[in-house]
Amino acid sequence: MTQITTVATTPIAGQKPGTSGLRKKTPVFMGRHYLENFVQSIFDVVGAAGKTFVLGGDGRYFNDRAAQVILRMAAANGAARVIVGQGAILSTPAASHLIRLNKTDGGIIMSASHNPGGPNEDFGVKFNMPNGGPAPEGVTEAMYKRTTEITEYRVLEAQDVDLGRIGRHELGAMVVDVVDPVTDYAALMETLFDFPAIRAMFAGGFRMRMDSMCAVTGPYAVEIIENRLGAAKGTCVNATPLPDFGGMHPDPNPTWAKALMDEMFGAVAPDFGAASDGDGDRNMVVGRGIYVSPSDSLAVLAANAHLAPGYKAGLKGIARSMPTSAAADRVAEALGVHHYETPTGWKFFGNLLDAGKATICGEESFGTGSDHVREKDGLWAVLLWLNILAVRKESVAQILHEHFKRFGRNYYSRHDFEAIDTANADAMFAALRAALPGLKGQDFDGLVVTHADDFAYTDPVDGSVSTKQGVRVLFDGGSRAVFRLSGTGTEGATLRLYLERFVTGPDELGEDPQSALAPVIRAAHRIAGIAAHTGRSEPDVVT
Ligand code: G16
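Note that the coordinates shown come from a computational prediction; the quantities given were computed from them, not determined experimentally.

## As for the pairing of strand β25 (residues 480–485)
Every regular strand shows the same layout, with side chains that alternate between the two sheet faces. By the criterion of burial, β25 is predominantly enclosed, with five of the six residues buried. Here strand β24 (residues 471–475) runs beside β25; their pairing, made up of four bridges, is antiparallel. Looking across to β25, one finds that Arg472 is bridged to Val482. Adjacent in sequence and paired antiparallel, β24 and β25 are bridged by four residues, among which Gly477 carries a positive phi angle near 90 degrees. Here β25 pairs with strand β26 (residues 493–503) via six bridges, running antiparallel. The residue of β26 that forms the bridge with Arg484 is Arg496.

## What to know about the packing of helix α13 (residues 378–392) against helix α14 (residues 396–407)
Where α13 meets α14, the closest approach of the two axes is 10 Å, and the angle between their N-to-C directions is 90 degrees. Comparing the axis directions of α13 and α14 gives the class roughly perpendicular. Note on element contacts: α14 touches α13 through Val396, Ile399 and Glu402, opposite Trp385, Ile388, Leu389 and Arg392. In the contact of α13 with α14, the residues fall into five nonpolar, no polar and two charged.

## What about the environment of Gly106?
Within the fold, Gly106 resides in the loop between α4 (92–101) and β5 (107–110). Excluding residues within four positions of it along the chain, Gly106 makes contact with Thr52, Phe53, Val54, Ile99, Phe127, Asn128, Met129 and Pro130.

## Some points on the sheet that holds strand β11 (residues 236–237)
One key point about sheets: their strands pair by backbone hydrogen bonds, in either a parallel or an antiparallel sense. On the basis of which strands lie adjacent, the open sheet formed by five strands has the order β11-β10-β12-β13-β14 and mixed pairing. The open sheet has two edge strands, β11 and β14 (290–292), and neither has a second partner. Inspection of the sheet shows strand β13 (residues 283–287) paired to β14 by three bridges, in the antiparallel sense. Opposite Gly287, over in β14, you have Ile290 as the bridge partner. Running over the sheet, α14 touches β12 (272–276), β13 and β14 and is turned about 60 degrees from β14.

## Concerning the site of the ligand
Neighbouring the ligand are 18 residues; Glu363, Ser486, Gly487, Thr488 and Arg496 lie closest to it. Ser20 places a side-chain nitrogen or oxygen 3.2 Å from an oxygen atom of the ligand. Relative to its unbound accessible surface of 460 Å², the ligand loses 99% to contact with the protein. For the shell around the ligand, the per-class residue count stands at one nonpolar, ten polar and seven charged.

## Thoughts on the environment of Ala135
Tracing the chain through its elements places Ala135 in the loop between β6 (122–128) and α5 (137–147). Separated by 246 residues in sequence, Ala135 and Ala381 have C-alpha atoms that sit 23 Å apart. Among residues more than four places away in sequence, those in contact with Ala135 are Phe127, Asn128, Met129, Thr140 and Lys347.

## Digging into the domain arrangement of the protein chain
The domain architecture assigned to the protein chain consists of domain 1 (3–180), domain 2 (185–407) and domain 3 (409–542). Inter-centroid distance (C-alpha atoms) of domain 1 to domain 2 is 28 Å. Interface of domain 1 and domain 2: buried area, both sides summed, is about 2400 Å²; carbon and sulfur atoms make up 59% of it. It is Pro93, His97 and His114 that lose the most area in domain 1 upon contact with domain 2, and together they represent 25% of the buried surface on that side. We note a salt bridge from Lys126 to Glu375, for which the minimum N-O separation is 2.8 Å. Of all the secondary structure elements, the ones that give two or more residues to the side of domain 1 that touches domain 2 are α4 and β6. Examining the composition of the side of domain 1 that touches domain 2, we find that six residues originate from one element, α4, more than from any other. Grouping the amino acids of the side of domain 1 that touches domain 2 by side-chain chemistry returns ten nonpolar, 18 polar and five charged.

## Regarding the pairing of strand β3 (residues 52–57)
The element β3 is extensively covered by neighbouring structure, given that six of its six residues are classed as buried. By the alternation rule, side chains of β3 split into Thr52, Val54 and Gly56 and Phe53, Leu55 and Gly57, which are all buried. With five bridges joining them, β3 and strand β4 (residues 81–89) adopt parallel strand pairing. In the sheet register, Thr52 faces β4, and the bridge partner there is Arg81. Tracing the backbone out of β3, into helix α3 (residues 63–76) and back to the parallel element β4 gives a crossover that is right-handed.

## Observations concerning the side chain of Thr52
Structurally, Thr52 is set in strand β3. What makes Thr52 buried here is its relative accessible area of 15%. Leaving out residues up to four positions away in the same chain, Thr52 has contacts with Arg81, Ile83, Thr104, Asp105 and Gly106.

## Description of the packing of aromatic side chains
Within this structure, the stated rule accounts for eleven aromatic pairs. When the centroid spacing of 6.2 Å and the interplanar angle of 90 degrees are considered together, the rings of Phe348 and Tyr457 count as edge-to-face. Pair noted here: Phe348 is in the loop between β16 (338–342) and α12 (350–354) and Tyr457 is in strand β22 (residues 457–458), with a separation of 109 residues, a long-range link. Neither Phe348 nor Tyr457 differs from the other in exposure class; each is buried. Grouped by ring-pair contacts, the aromatic residues Phe29, Tyr34, Phe62 and Phe123 constitute a single cluster.

## Observations concerning α3
Here α3 contains 14 residues, and its C-alpha end-to-end distance of 20 Å stays within 8% of the 20 Å for a straight helix at 1.5 Å per residue. Burial of α3 is extensive: twelve of the 14 residues sit out of reach of the surface. Of the positions making up α3, those classed as buried are Asn63, Ala66, Ala67, Gln68, Val69, Ile70, Leu71, Arg72, Met73, Ala74, Ala75 and Ala76. The positive-phi residue at the C-terminal boundary of α3 is Gly78, with phi of around 90 degrees.

Definitions and cut-offs
Along each chain, residues carry numbers from 1 onward, in the same order as the chain's sequence is written. Local features in this predicted model are restricted to residues of pLDDT 70 or higher, and side-chain atom pairs are both shown and tallied only at a pLDDT of 80 or more, whereas totals for entire chains, interfaces and linings draw on every residue. Hydrogens and water molecules were not included; the side-chain quantities draw on all heavy atoms of the structure. Buried residues are those whose accessible area, probed at 1.4 Å on protein chains only, stays under 20% of the maximum for their type, while exposed residues exceed 50% and partly exposed ones sit between those limits. Numbered from the N terminus, helices here are DSSP runs of H or I no shorter than four residues, and strands are runs of E no shorter than two. Two strands form a pair only when DSSP identifies at least two bridges running between them. Lines fitted to C-alpha atoms define the axes here, with helix axes fitted over just the stretch in contact, and angles between the N-to-C directions of these axes take values from 0 to 180 degrees. Any angle between 65 and 115 degrees counts as roughly perpendicular, while under 35 counts as roughly parallel, over 145 as roughly antiparallel, and the rest as oblique. Any two residues having at least one pair of non-hydrogen atoms within 4.5 Å are treated as being in contact. Following the grouping adopted for this structure description, the nonpolar residues are Ala, Val, Leu, Ile, Met, Phe, Trp, Tyr, Cys and Pro, the charged ones are Asp, Glu, Lys and Arg, and the polar ones are all others, Gly among them. Proximity is defined per residue: if any heavy atom of the residue lies within 4 Å of a molecule or strand, that residue is considered near it. Here a polar contact is recorded for every N or O atom pair within 3.5 Å, except that within protein the pair must consist of a potential hydrogen donor and a potential acceptor, and residues adjacent in sequence are included only if both atoms are side-chain atoms. Here the open area of atoms and residues is found with the Shrake-Rupley method and a 1.4 Å probe, where only the protein chains shown may cover a residue. Note that domain bounds follow an automatic or database assignment of domains. The term buried area refers to how much accessible surface (probe radius 1.4 Å) is lost by two components on association, counted for both of them together. Here, a salt bridge means any Lys or Arg side-chain nitrogen found within 4 Å of an Asp or Glu carboxyl oxygen. By convention, orient the strands away from the viewer: a clockwise path from the first strand over the helix to the second makes the crossover right-handed. For this analysis, a ring pair means two rings from Phe, Tyr or Trp (six-membered ring only for Trp) whose centres lie within 6.5 Å, classed as stacked if their planes differ by under 30 degrees, edge-to-face if by over 60, and tilted for the remaining angles. The span you would expect from a helix comes to 1.5 Å times its residue count less one.

Below you can see the structure in the form of C-alpha cells.
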C-alpha cells in the first residue's frame, strides 16, 4: 500500500542556488527537511502533475538515498514518470541528453560537481529545464523564494525502488524507468565523431590516459574509449565512481589531477591525457609534455571542429564566458562567425544554443560543449580532441603551436584564493567597485588601464539583464585582469583572479604563463589590494 503524506515544515535559511544549483555540506543536506524543502520548492515552481522528469547524479555520498526521497516526492506531487539512471547514476551531460531525447519536462541532477564528496564534504541538487540546460536565474530565484515561504511538502510512503534493476517499476501511480546511464549518450557521441578514424589511430599505437578521478565519467569513458574506440585496456584509470571519489578532489586541473600531469610530463608519457570532474561536465586535456589551458582548448576545438562529422557544416557562432580568454574570439573572427561574451555559468549559453546563434561554447573553468546537449560535456571535448588528432595526425604540441602562430597567443591563468573571510571579500569588492571610475588612464608599471567596469550582460535572445557579473580591468595591448567571487564554493568566499596577456608573435614570452603574466599579476594585486583585504598574497590554486 502506498499513501501520500503531507509533512508540515518551516523554511530553512540559505537555500539559495548558486552558479549551478544548491550546494552545501552533505550533513546540511541530510539535515531534517533540508532536501525535502528544496525539492518541494522545485516542484512548486515548475509543477509536477502529469509530468515526466529525468533523475540521476554523480554517485557521491547520499546520492542513492536522496534519489529515493526525490522519487517518493515526485510521485506524491503527481508526476507521471521519472527516467532514472541505473544506480541513480547519470553524468550531467548524459542527463541533459536524456531530458532532450525523451522530450521530458526537465530533470533533477544530484551533484556538487567538482567539489569533493563524502559524509563531511559536499552535496548538491539542481534542476534542468526541458531544453536540457540549467534553470535560468528567474527560475532559480523563484525556487529560492519558495524555500522562504514553504509550510509543507508531500511524500509517498513506500518502499525503495530497486534502482539497480534496469526496466519499468511502479511507485504509487508513477512510473519509474531505470535506464542504462551510458547507452544513449554513447550513441549520441557516435553521431558526432569519426569513430573509425579514432579507432584506426588507437590501432596504430596511439596511447592515451583518461583519468575519471573516481567520479561519474568512468563507466562512460570505459565504454566509449576502451570498448568502442579500441584503446588499450587500462587506458581509463580511476574509472569506478566511488561515494567519496576515493578521497580525491574531482576537479580536473593541474593541481588536483597531479598524477595525470606527472605522467604526461614524465619520461614515458602517452600521446594524450585527459581528466574529468565529479559529474562529468568538466575536462582537462594535456599533450605529451604540454598543458592545454581551457581557454586555448576552446579556441583549438572551435578552429578544428569542422574535422568532425557532427560539425562539418561549420559553426554558427562561438560563445565564451567573460573571464575566459579572448583566444576563441580570434578564431570566430577568422571564421567570419559571431562571438559572444556571457557571464560565468553554463545557463547563459542556453538561449544562444537554442536560438542557433552559437554552436560551440566554453569557459575557463574547464568547461567546453556544443549544441548537442545544454550542459558542458567533458567526454565530448576529449572525443573532439581525439577526432582532431586522428585527422591531423600531429601532436598536441604541434597543433597548439600552429594555432598560436596563426591566431596569436593569449597567455592566461586563473589564481584562486580559497576560503577567505566573507566579510573581508565583500569589503574588498566594495572598495574595488568604488575605485572603478578612477582607474581609466592609470599606469601600473607600463600597463595603462583602458577600461574598467562591473560586467553586465543583456541576453541577445530574451533581453534579460544580469548585472555585477565580475569586475574587469582592461589594459592597452589586450591584457586584462578580472576579479570575481566564486558561486560554487561552500566555505567562506573564494576570490578568482583571471589574468590575460595577448601577443601576436608565437612564443614571444616563452612557455610559462606565470612569467608572461607577471606584470598583470602585479597590477591586479595593487588595484584590488588583495593582501591588505584578505591577508593572502599567494593563491591556493593556480590553473
Ligand atoms: C559551474 C557552472 C559553470 C561555471 C562554474 C563557475 O560549474 O556550471 O558554468 O563556470 O560553475 O564556478 P565558480 O562560480 O566557482 O567560478 P560546475 O562544474 O561546478 O557545474
